[in-house]
Amino acid sequence: MIPSACFRPVYGAKITSVETMSKHEAHDFKARWKVVNDFITDEIRHTPIQLRIEQLRTLFNSRRFFAETASSQEVEDVRARWILLKAKLHA
């Protein structure tokens, strides 16, 4: 059984118990999200290139609104953790 706490935010999920979800319910959940992901993928594929470029330009221009607050030491610590996680994943 899969813990249902992972799926609570999803509307329409029929959970038979507060603690667990049946295999059938998990399959239904996964199928619903596959439909959503397929729709998003299709929408992205059919977005005109001009709009995609404009969205990218907007994203790059918005970086000034997000101040860099991390110190260089914090950045290095995070990089070291990611390197460690990646190494353990591929070990």
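Below is a summary of the structure that appears in this document. Everything numeric in this text was worked out from a predicted model, so none of it was measured. (Residues numbered from 1 in each chain as written. Predicted model: local features only at pLDDT ≥ 70, side-chain atom pairs only at ≥ 80, totals over all residues. Heavy atoms only, no water.)

### Remarks on the overall build of the protein
Within the protein, the regular secondary structure consists of three helices and two strands. Each helix and strand of the protein, ordered N terminal to C terminal, gives the series β-β-α-α-α. Considering the protein as a whole, with its 91 residues, one finds that 10% of them fall into the buried category. Of the roughly 8600 Å² of accessible surface on the protein, a fraction of 63% belongs to carbon and sulfur atoms. (Helix = DSSP H or I, 4+ residues; strand = E, 2+ residues; numbered from the N terminus. Buried < 20%, exposed > 50% of the residue type's maximum accessible area, 1.4 Å probe, protein only. Areas by Shrake-Rupley, 256 points an atom, 1.4 Å probe, with all protein chains shown as cover.)

### Things to note about the pattern of salt bridges
By the definition in use, this model includes two salt bridges. Among the salt bridges present, the one from K34 reaches D38, with a minimum N-O distance of 2.8 Å. In this pair, K34 and D38 are both assigned in helix α1 (residues 23-45), four residues apart and thus about one turn of the helix distant. For D38, a relative accessible area of 41% puts it in the partly exposed group. Where E76 meets R79, a salt bridge forms, and the shortest distance between an N and an O atom there is 3.1 Å. (Salt bridge = Lys/Arg side-chain N within 4 Å of Asp/Glu carboxyl O.)

### Regarding α1
Quick reminder: α-helices carry 3.6 residues per turn. Residues three or four places apart thus point the same way. The end-to-end C-alpha distance of α1 is 33 Å, a good match for the 33 Å that 23 residues give at a rise of 1.5 Å each. Those residues of α1 that fall on the buried side of the exposure criterion are E25, A26 and F29. (Expected span 1.5 Å × (residues − 1).)

### With respect to a nonpolar patch on the surface
A cluster of nonpolar side chains, contributed by W33, V36, F39, I40 and I44, occupies part of the molecular surface with about 460 Å² of accessible area. Here W33 lies in helix α1. Take W33: its relative accessible area is 37%, and that puts it in the partly exposed class. (Patch = residues over 30% accessible without salt bridge, like charges linked within 9 Å, V, L, I, M, F, W, Y side chains within 5 Å.)

### Quick word on the side chain of S62
Counting through the fold element by element, S62 comes out in the loop between α2 (49-61) and α3 (72-89). A distance of 2.7 Å separates a polar atom in the side chain of S62 from the backbone oxygen of L59. (Polar contact = N/O pair within 3.5 Å; in protein donor to acceptor, adjacent residues only side chain to side chain.)

### Here's the deal with the side chain of T47
Mapping T47 onto the fold places it in the loop between α1 and α2. A polar contact is formed between the side chain of T47 and the backbone oxygen of E43, at a distance of 2.8 Å.

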